[in-house]
Amino acid sequence: MRNQDAGNATPSQVQSVDRAISVLELLARNGETGITEIAGELGVHKSTASRLLSVLENRGLVEQLGERGKYAIGFGIVRLAGAATGRMDLAKLGRRTCQGLAETLGETVNIAIADDGVAINVSQARGSAAITTQNWTGQRTPLHATSSGKVLLAYMGDVERKRLLRRKLEQFTPRTTVDPDELTAELERVAEDGYAACFEELELGMHAVAVPVHGPGGAVVAAMSASGPSYRLSKQRVRQIVRPLAEASADLSDQLGYFTE
């Protein structure tokens, strides 16, 4: 969806985005800057620069220092920078958590985040019993056919989840749930139970279970999963490892700044 929208952007829209980024870079480099200097840097009329600054100010990305004063970077940038930093912290801290849990369970442990309608794995560790050598780090996997993806779907906003479920869902195996109503009912159970399981839904012979990872404020920022062959990671064993998986996730959540009362 996002890529299609980008492809349909007009030249003037692309130019406006480029100018907005140039403004932010200018303010980051020079600090407080007047509108005349900004217009000169962009090579546009002051009225054009003023309209651009007004949009950025409305989004909190720049702020005017006093009436008719100079402009500076706004606190909205802090929010965006914090999100990027949080993602990097998640990958860094997640590697240590994944490794410890993988050693305990003997299975492959992954941490995934939601990004543009898919799940992206940011950390992975393989336990002693893991039979696959595939590295999923950086790989994009479907939300509807993975345990991590179902966790991310279950805890995302209603509008975004409904938008994603309106798309045609790919049938990876005969066990993949592609009916939106069935999947919605399953996601409600995931949110209620606090974990999601997948039994041969992405790949025949593979089972997985995942739990949410919380960030500051309690929002679900990622999912932590354990996966393995169906003959070893049976449905009974899946239920047994939910607790250690949740404990490891809680520990990572604490490190990310989420503290339960």
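Higher on the page you've got the structure.
Residues numbered from 1 in each chain as written. Predicted model: local features only at pLDDT ≥ 70, side-chain atom pairs only at ≥ 80, totals over all residues. Heavy atoms only, no water.

Engineer: Whenever I open this one, the overall build of the chain confuses me. Can you help?
Structural biologist: Within the chain, the secondary structure is distributed over nine helices and eight strands. Put simply, the chain has 261 residues, and 41% of those count as buried. On the chain, roughly 14600 Å² of surface is accessible, and the fraction owed to carbon and sulfur atoms is 50%. (Helix = DSSP H or I, 4+ residues; strand = E, 2+ residues; numbered from the N terminus. Buried < 20%, exposed > 50% of the residue type's maximum accessible area, 1.4 Å probe, protein only. Areas by Shrake-Rupley, 256 points an atom, 1.4 Å probe, with all protein chains shown as cover.)

Engineer: Would you mind showing me how to read the nonpolar core here?
Structural biologist: Nonpolar side chains tend toward joint burial in soluble globular proteins. Core analysis: the largest hydrophobic core is formed by 29 residues, its most contacted members being L90, I111, M224 and L252. Those elements giving two or more residues to this core turn out to be α5 (75–105), β3 (108–115), β4 (118–125), β7 (206–214), β8 (220–229) and α9 (235–255). Here the element with the most residues in this core is α5; it accounts for seven residues. Of all hydrophobic cores here, the second largest spans 17 residues; its members include A119, L183, A196 and A210. (Core = buried A, V, L, I, M, F, W, Y, C linked by side-chain atoms within 4.5 Å.)

Engineer: What is the right way to look at the environment of Q64 in this model?
Structural biologist: Summarising the element assignment, Q64 is placed in strand β1 (residues 62–64). For Q64 and E32, which are 32 residues apart along the polypeptide, the C-alpha to C-alpha distance reads 9.0 Å. For Q64, the contacting residues outside a window of four places in its chain are E57, G69, K70 and Y71. (Contact = heavy atoms within 4.5 Å.)

Engineer: Got a minute to help me understand unusual backbone geometry in this structure?
Structural biologist: Comment: phi is negative for the bulk of residues other than glycine, and the bulk of peptide bonds are trans. In the Ramachandran plot, D116 falls in the positive-phi region, its phi being about 55° despite a non-glycine side chain. Mapped onto the fold, D116 is located in the loop between β3 and β4. Even without a glycine there, the phi angle at E200 is positive, about 60°. For E200, the position within the fold is in the loop between β6 (196–199) and β7.

Engineer: Where do I start with the sheet that holds β4 in this structure?
Structural biologist: Pairing between the strands of a sheet comes from backbone hydrogen bonds, and it takes one of two forms, parallel or antiparallel. An order of β5-β4-β3-β8-β7-β6 is seen for the six strands of this open sheet, with the pairing classed as antiparallel. Two strands lie at the open edges of the sheet, namely β5 (140–142) and β6, each paired on one side alone. Going from strand to strand, the sheet's axes swing by 35° on average, the running direction of each strand aside. Looking at chain direction, β3 and β4 are connected through seven bridges and run antiparallel. Residue pairing in the sheet places A114 in a bridge with A119 of β4. This element, α9, spans β3, β6, β7 and β8 of the sheet and lies at about 25° to β7. (Pairing = 2+ DSSP bridges. Axes fitted to C-alpha atoms, helices over the stretch in contact; angles between N-to-C directions.)

Engineer: What is the right way to read the side chain of S253 from this model?
Structural biologist: Its location among the elements puts S253 in helix α9. Relative accessible area serves as the criterion here: at 1%, S253 is assigned to the buried category. Excluding residues that lie within four positions of it along the chain, S253 makes contacts with V213, H214 and Y258.

Engineer: Before we go on, may I ask you to explain the packing of helix α3 (residues 35–42) against helix α4 (residues 46–58) in this structure?
Structural biologist: Axes are the key here: two packed helices are described by the angle between their axes and the distance separating the axes. Remark: α3 packs on α4, axes separated minimally by 9 Å, with the N-to-C direction vectors making an angle of 105°. With respect to their mutual orientation, α3 and α4 come out roughly perpendicular. When α3 is examined against α4, the residues I35, T36, I38, A39 and L42 are found in contact with a partner set consisting of K46, A49, S50, L52 and L53. Tallied by class, residues from the contact of α3 with α4 come to seven nonpolar, two polar and one charged. (Parallel < 35°, antiparallel > 145°, perpendicular 65-115°, else oblique. Nonpolar A, V, L, I, M, F, W, Y, C, P; charged D, E, K, R; others polar.)

Engineer: Hey, could you run me through the packing of helix α6 (residues 147–155) against helix α8 (residues 180–193) in this one?
Structural biologist: At a closest axis distance of 9 Å, the pairing of α6 and α8 adopts a crossing angle of 85°. Regarding the angle of α6 to α8, the classification is roughly perpendicular. Mapping the contact onto sequence places K150, V151, L153, A154 and Y155 in α6 and L183, E186, L187, V190 and A191 in α8.

Engineer: What exactly am I supposed to notice about the pattern of salt bridges here?
Structural biologist: Should the charged atoms of two oppositely charged side chains come close, the side chains can pair. Evaluation of the coordinates by the stated rule reveals nine salt bridges. With a closest N to O distance of 2.7 Å, K150 and E186 form a salt bridge. Of the two residues, K150 sits in helix α6 while E186 sits in helix α8, which places them 36 residues apart along the sequence. The buried category is assigned to E186, whose relative accessible area is 15%. If you follow the salt bridges from partner to partner, you end up with E107, R232 and R237 in one network. (Salt bridge = Lys/Arg side-chain N within 4 Å of Asp/Glu carboxyl O.)

Engineer: Would you mind going over the packing of aromatic side chains with me for this structure?
Structural biologist: A complete count under the given rule lists zero aromatic pairs for this structure. The lysine or arginine in question, K235, covers the ring of F199, its NZ or CZ lying 5.1 Å from the ring centre. (Phe/Tyr/Trp six-rings, centres within 6.5 Å; stacked < 30°, edge-to-face > 60°. Lys NZ or Arg CZ within 6 Å of the ring centre and 35° of its normal.)

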